[in-house]
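Notes for the structure review
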Amino acid sequence: MRVLGVDPGLTRCGVGVVEGVAGRPLTMLGVGVVRTPADAELGQRLVAIEQGIERWLDDHQPEFVAVERVFSQHNVRTVMGTAQASAVAMLCAARRGLPVALHTPSEVKAAVTGSGRADKAQVGAMVTRLLRLDAPPKPADAADALALAICHIWRAPAVNRLQQAQAAHRQAQVSSRKVTR
């Protein structure tokens with residue numbers, strides 16, 4: 001499984017590609033940051049993020065895109081920019097027919113470090129260890145993007161099984177209704 005992780009942001013949008021399957025060593029295929037100038041007009045910044053993500057999709061051909069789920073913060077302006085960058089990533093994936101998964105920051109931290117309350121340094125250290133890197137990716141947005149991809153690779157099999165079981169249950173309910181009518 002090849003996953004593009006996206007840590008959305010208007011100024012720095014972290015991107016990272018990880019390949020592998022749960023239970024096996026993972027491989028980093030690329031990591032970076034799509035940057036936009038803080039003084040640029042919002043529309044221009046969103047176009048720059050779109051172009052950057054499109055390049056990553058072209059270069060790495062992922063099968064899935066994992067995006068950090070935006071959560072409410074005290075600074076509404078910050079959360080709006082993050083949400084807009086997140087929407088651009090989802091749009092780019094949807095345009096190509098790629099499945100998109102949203103993971104909360106605490107889900108990602110728990111998957112990678114074992115604690116949903118881990119700090120940036122702990123996430124960076126575990127990403128470094130899990131991907132057998134010489135040093136933590138910089139800036140933290142890049143490490144967070146890799147953590148998102150790792151989280152998705154590890155969680156996807158369980159999530160897929162759960163979704164299949166729910167679908168089978170719904171189908172069984174529909175079939176039982178037809179029999180009783």
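What this report covers is the structure whose coordinates are included nearby.

The rules behind these values
Residues numbered from 1 in each chain as written. Predicted model: local features only at pLDDT ≥ 70, side-chain atom pairs only at ≥ 80, totals over all residues. Heavy atoms only, no water. Helix = DSSP H or I, 4+ residues; strand = E, 2+ residues; numbered from the N terminus. Contact = heavy atoms within 4.5 Å. Buried < 20%, exposed > 50% of the residue type's maximum accessible area, 1.4 Å probe, protein only.

1. Thoughts on the side chain of His-152
- With respect to the helices, strands and loops of the structure, His-152 is situated in helix α5 (residues 140–180).
- Every residue in contact with His-152, bar those within four places of it in the chain, is listed here: Met-1, Val-3, Phe-64, Ala-66, Ala-101 and His-103.

2. Topic: the side chain of Thr-82
- Relative to the helices and strands, Thr-82 resides in helix α2 (residues 76–95).
- Taking the relative accessible area as the measure of exposure, Thr-82 reaches 17% and is therefore buried.
- In this view, Thr-82 contacts Pro-8 and Val-70; residues no more than four positions away in its chain are not counted.

3. Thoughts on unusual backbone geometry
- For the peptide bond that leads from Lys-138 to Pro-139, omega is -10°, which places it in the cis range.
- Locating Pro-139 in the fold gives a position in the loop between α4 (120–130) and α5.
- Residue Gln-61 is not a glycine yet carries a positive backbone phi of 45°.
- Within the secondary structure layout, Gln-61 lies in the loop between α1 (42–60) and β4 (64–68).
- Residue classification places Gln-61 among the exposed positions, given a relative accessible area of 52%.
- In the Ramachandran plot, Arg-132 falls in the positive-phi region, its phi being about 55° despite a non-glycine side chain.
- You can see Arg-132 is positioned in the loop between α4 and α5.

4. Considering the environment of Gln-166
- In this structure, Gln-166 sits in helix α5.
- Classification of Gln-166 by relative accessible area gives partly exposed; the value is 38%.
- Residues Gln-166 and Gly-20, spaced 146 residues apart in sequence, show a C-alpha to C-alpha distance of 26 Å.

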